[in-house]
Amino acid sequence: MNGHALELGGIEKRFGKQTILKGIDIEARPGEFIALVGPSGCGKSTLLRIVAGLESPDAGRIRSGDRELGELPAAKRDVAMVFQSYALYPHLTAAQNIAVPLVMRRLSGWQRLPLIGRWLTPRATRDEIHARVRQVAEQLEIAHLLDRKPAKMSGGQRQRVALARAMVRDPRVFLMDEPLSNLDANLRVHTRSEIVALQRRTGVTTLYVTHDQAEALSMADRVAVMIQGCLLQLDTPQRIYQDPRHLEVARFIGTPRINQLDARVDDEGVAWVDGTALARCAEPPRDRKVVLAIRPPALHLVAEHHPRGLTAWVKRCEYLGTECLLHLELESDATPLIASLTPELGTAYRPDQRVWVAAEPSQTLIFARSGERLTAAEPRLERSANQPEKLDV
Amino acid sequence: MSESLASPSSTLSRRLSAPARRQARSEALSGWILASPAMALMAMLILAPMLAVVWFSLTDYQLGYPGAIFIGLENYRALLDDPLFLTSLGNTLLYTAIVAPLSVALGLGAALLIESETRGRAFFRTVYFLPVASLLVAMATVWQYLMHPQIGMINQMLALVGLEGRNWLGSSDTVLWSLAAIGVWQSVGFNMVLFLAGLTAIPRELYAAARIDGAASAWQRFRLVTWPLLGPTTLFVLVISVINAVKVFETVKTLTEGGPNKASEVLLYTIYQEGFSYLQVGYASAMTVVFLAILMVAMLIQYLVINRRTHYQ
């Protein structure tokens, strides 16, 4: 079973005067798993519905392999979708629900009639559908639920039936619209890996919409970050986290949220915060204002006279078992910062304690005020300075 | 050891249970007291009249004449031999068989059309509902004019396309069908409103799922989603329509008075005539009991079928 490439080009969508999607381009390789992630209202679900054929775009094209999908109605696109609400037919049993995509495609209107339809359908066709439903149900371990109606199932079981209905025929594309968000936390983590395993096994190209960055990063081959109708970055999870191309991406991905410092850039390209040089950009922006972004684990506590040290006050210490989040406030302008420390290190600090923090220039991301990422230059200012010392307690 | 432990606790429970029992009793008493006005009204206004009708039906009671003799099931036996009652029963059943399915089907159709329409939804809803809100007795005069053999608009329009008009309300061939048409006109709006309520309860995502699952046409989606999910609503609407159709009276009383030649004689009108024109209360009561029995059977069927089908969500 081979997947088909999926290609979205210049997808635009407006509702009234509001532009929901501003020219989205995504190219998925055959069998690739792409997560669309973004805050609510960013247009990711609309994009999914456009690919499904439930909404029509104002511009753009959709190709799957060698087939244009854009002009086809939803029923002819050969895509499968799992809805957030699962959208199971409440009057049908699990088996009948799973069989619907096969029945709708293989049987005529007469053959779908109740009672006499059974008599008009060739036995072989019926057996085939039955066998396929059973096979998919066994793959998803829901064979024992086949006679039950959705009302008699738990949320997790309904979710599996919805997955089975999507898998029962081999679609060109899987579309999943927050399929895990109605499950409780434990089941969600467990089902994540199951969905990934199923997707790998079937090799069907998948678009997966979620607002949960942990889901996106852990499941997908590549993550597409969408903010306000724009696709800001489409990259592997590692690069999305470590090398965000836009400030919004950096802000959206990663918990706790990335630290941001407003800095001024001099003619040399050196970015200054409160009289301290923290980084250097290759091409200083015209307005000389940048935002420096530092991931909480990259922010270290240093000794008082560190060359890149910033003075801050401890506000709160959040103990989380595997790490300890130190909430800080910059002394100069009360910018809030978070440092992620090991529990042993973090618990030693008390509120209203004065500390010094610094980050490696290589770990300091520079963004223009408009949000674009700026290239960092070799930090000349560092030559004479010592490496940052980690404060031992 | 265990006995000495158990005895104080059991005396304690006995000591506690007496006041608890007293409190439960006083709670039950105040419950009865609070419910009694409603129960008294119910007995007076609903149960007593029904029992009175059943009792009258077993007597030869005539309004204005003193005394009534118990004659057992004699009235019911007479009903079986009464050609007027049998005609009336037959007409009522035919009328119901026309009006109920048609008004359900048209009500569903109107609801589906309005639901799929984005603009002017409130306008169409109001227009279709107008006949329900209007007084049927008053509207009957309009219908009388429309169906008039000479000056009626229906016949005039038929003449325009070269068809011969008929005496809609004056001929025994057409009168029941004409009354049925008015009945349908009157009840479609009400059924439509009930169907609209049922339609809004169907989750939108089911239609999206149906489209992706291969239900390409609106008809396929109707069969896969709308019709089964409207099942309980449809049953309810059907029973209400049957009950309303069996109760047809105003149009008959105002337009045809059962004629011509008893062709539009219906149950309620026959009961009315027996009871209030001929003052045969006992006989009319027997007819009323039969009438009530028909309504009860309709409601019982609905109750049984709804109970058999489990609720979906």
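Rules behind the numbers
Residues numbered from 1 in each chain as written. Chains lettered and ligands numbered in written order. Predicted model: local features only at pLDDT ≥ 70, side-chain atom pairs only at ≥ 80, totals over all residues. Heavy atoms only, no water. Helix = DSSP H or I, 4+ residues; strand = E, 2+ residues; numbered from the N terminus. Rg over C-alpha atoms; globule rule 2.2 N^0.38 Å. Buried < 20%, exposed > 50% of the residue type's maximum accessible area, 1.4 Å probe, protein only. Contact = heavy atoms within 4.5 Å. Areas by Shrake-Rupley, 256 points an atom, 1.4 Å probe, with all protein chains shown as cover. Lys, Arg positive; Asp, Glu negative; His and termini not counted. Charge placed at Lys NZ, Arg CZ, Asp CG, Glu CD. Pairing = 2+ DSSP bridges. Axes fitted to C-alpha atoms, helices over the stretch in contact; angles between N-to-C directions. Arc of directions from axis to C-beta. Core = buried A, V, L, I, M, F, W, Y, C linked by side-chain atoms within 4.5 Å. Buried area = accessible area lost by both parts, 1.4 Å probe. Salt bridge = Lys/Arg side-chain N within 4 Å of Asp/Glu carboxyl O. Polar contact = N/O pair within 3.5 Å; in protein donor to acceptor, adjacent residues only side chain to side chain. Expected span 1.5 Å × (residues − 1). Domains from an automatic or database assignment. Nonpolar A, V, L, I, M, F, W, Y, C, P; charged D, E, K, R; others polar.

Peer 1: How should I be thinking about the overall build of chain B in this particular structure?
Peer 2: Each helix and strand in chain B was counted, giving 12 helices and 0 strands. Reading the helices (α) and strands (β) of chain B from amino to carboxyl end gives α-α-α-α-α-α-α-α-α-α-α-α. By the compact-globule yardstick of 20 Å for 313 residues, chain B is too spread out, its C-alpha radius of gyration being 28 Å. Counting only C-alpha atoms, chain B reaches 110 × 75 × 30 Å along its principal axes. The burial tally for chain B puts 36% of its 313 residues in the buried class. Looking at chain B alone, contacts between residues at least 24 apart form 66% of all its contacts between residues at least 6 apart. In the structure as shown, chain B presents an accessible area of about 18,200 Å², 69% of it carried by carbon and sulfur atoms. For chain B, the distance from the average position of its 19 positive side-chain charges to the average position of its 16 negative side-chain charges is 15 Å.

Peer 1: Help me understand the sheet that holds strand S15 (residues 300-302) of chain A in this model?
Peer 2: In any sheet, the strands associate via hydrogen bonds between backbone groups, in a parallel or an antiparallel arrangement. Residues and elements named next belong to chain A. Taken in spatial order, the 5 strands of this open sheet run S15-S19-S16-S17-S18, and their pairing is antiparallel. Strands with a single pairing partner mark the edges of an open sheet, and in this sheet they are S15 and strand S18 (336-341). When strand polarity is set aside, the average angle formed by the axes of neighbouring strands in this sheet is 50°. Direction of pairing for strand S16 (residues 310-319) relative to strand S17 (residues 324-330): antiparallel, over a ladder of 7 bridges. Paired with tyrosine 319 across the bridge in S17 is cysteine 324.

Peer 1: It is not clear to me how helix H5 (residues 136-146) of chain B should be interpreted in this structure. Could you clarify?
Peer 2: Three- or four-residue spacings in an α-helix give side chains the same orientation, since the helix completes a turn every 3.6 residues. Residues and elements named next belong to chain B. Listed in full, the buried residues belonging to H5 are Leu136, Ala140, Trp143 and Leu146. Summarising the axial view, the buried residues of H5 lie within an arc of 110°, below the 170-degree limit, and thus occupy one face. Buried residues in H5 make contact with helix H6 (153-160), helix H7 (175-200) and helix H10 (250-256).

Peer 1: Help me understand the nonpolar core in this model?
Peer 2: One broad trend across soluble globular proteins is that nonpolar side chains are buried collectively. Residue and element names in this part refer to chain A. By size, the foremost hydrophobic cluster in this structure holds 58 residues, and its most contacted members are Leu8, Leu47, Tyr89 and Leu175. Beyond its immediate stretch of four places on either side in the chain, leucine 175 contacts Leu48, Val51, Ala52, Val79, Ala80, Met81, Val82 and Leu207. Among the nonpolar cores identified, the runner-up in size contains 46 residues, and Phe33, Val37, Ile142 and Val204 belong to it.

Peer 1: Got a minute to help me understand the sheet that holds strand S11 (residues 259-265) of chain A in this structure?
Peer 2: All names here are of chain A. Here 6 strands make up an open sheet; going across it, the order is S13-S12-S11-S14-S20-S21 and the pairing antiparallel. Single-partner strands in this sheet number two, and they are strand S13 (276-280) and strand S21 (373-374). One ladder, built from 5 bridges, connects strand S14 (residues 289-294) with strand S20 (residues 364-368); its direction is antiparallel. Within the sheet, the bridge partner assigned to leucine 292 lies in S20 and is isoleucine 366.

Peer 1: How do you make sense of the interface of chain B and chain A when you look at a structure like this?
Peer 2: The accessible area lost on association of the parts is a frequent measure of interface size. Across the boundary between the two partners, chain B contributes 19 residues, which contact 27 residues of chain A. Overall, the association of chain B and chain A removes approximately 2,000 Å² of surface from exposure, summing both partners, and the carbon and sulfur fraction of that is 61%. Taken as a group, Glu205, Ile212 and Asp213 of chain B account for 33% of the area that chain B buries against chain A, more than any other trio of residues on that side. Here arginine 165 of chain A makes a salt bridge to aspartate 213 of chain B, at a shortest N to O gap of 3.6 Å. The tally of links from chain B across to chain A stands at 8 residue pairs in polar contact (both at pLDDT 80 or more). Those elements that provide at least two residues to the side of chain B that touches chain A are helix H8 (204-212) and helix H9 (218-246) of chain B. A total of 7 residues in the side of chain B that touches chain A trace back to one element, the largest contributor, which is H8 of chain B.

Peer 1: I'm lost on helix H4 (residues 123-139) of chain A in this one. Help?
Peer 2: All names here are of chain A. Over its 17 residues, H4 runs 24 Å from end to end, which matches the ideal 24 Å to within 8%, given 1.5 Å per residue. By the burial criterion, the buried members of H4 are Thr125, Ile129, Arg132, Val133, Val136 and Ala137. For H4, the buried positions fall inside an angular range of 135° around the axis, keeping them on one side. Every exposed residue of H4 that faces more than 90 degrees away from the buried side is listed here: Arg123, Ala124 and His130. Elements in contact with the buried residues of H4: helix H2 (94-106) and helix H5 (155-167). Backbone geometry just after H4 places glutamate 141 at a positive phi near 55°.

Peer 1: Looking at this structure, how should I read the domain arrangement of chain B?
Peer 2: Residue and element names in this part refer to chain B. Assigned domains within chain B: domain 1 (1-57) and domain 2 (79-308). Each of domain 1 and domain 2 has a C-alpha centre, and the two are 46 Å apart. With 5 residues of domain 1 in contact, the opposing surface of domain 2 contributes 7 residues. When domain 1 packs against domain 2, the two sides together hide about 440 Å² of surface, and 84% of this comes from carbon and sulfur. Counting the contacts that link domain 1 with domain 2 gives 0 salt bridges. If you look at where domain 1 meets domain 2, you find 0 residue pairs in polar contact (both at pLDDT 80 or more). Partitioned by chemical class, the residues of the side of domain 1 that touches domain 2 number 4 nonpolar, 1 polar and no charged.

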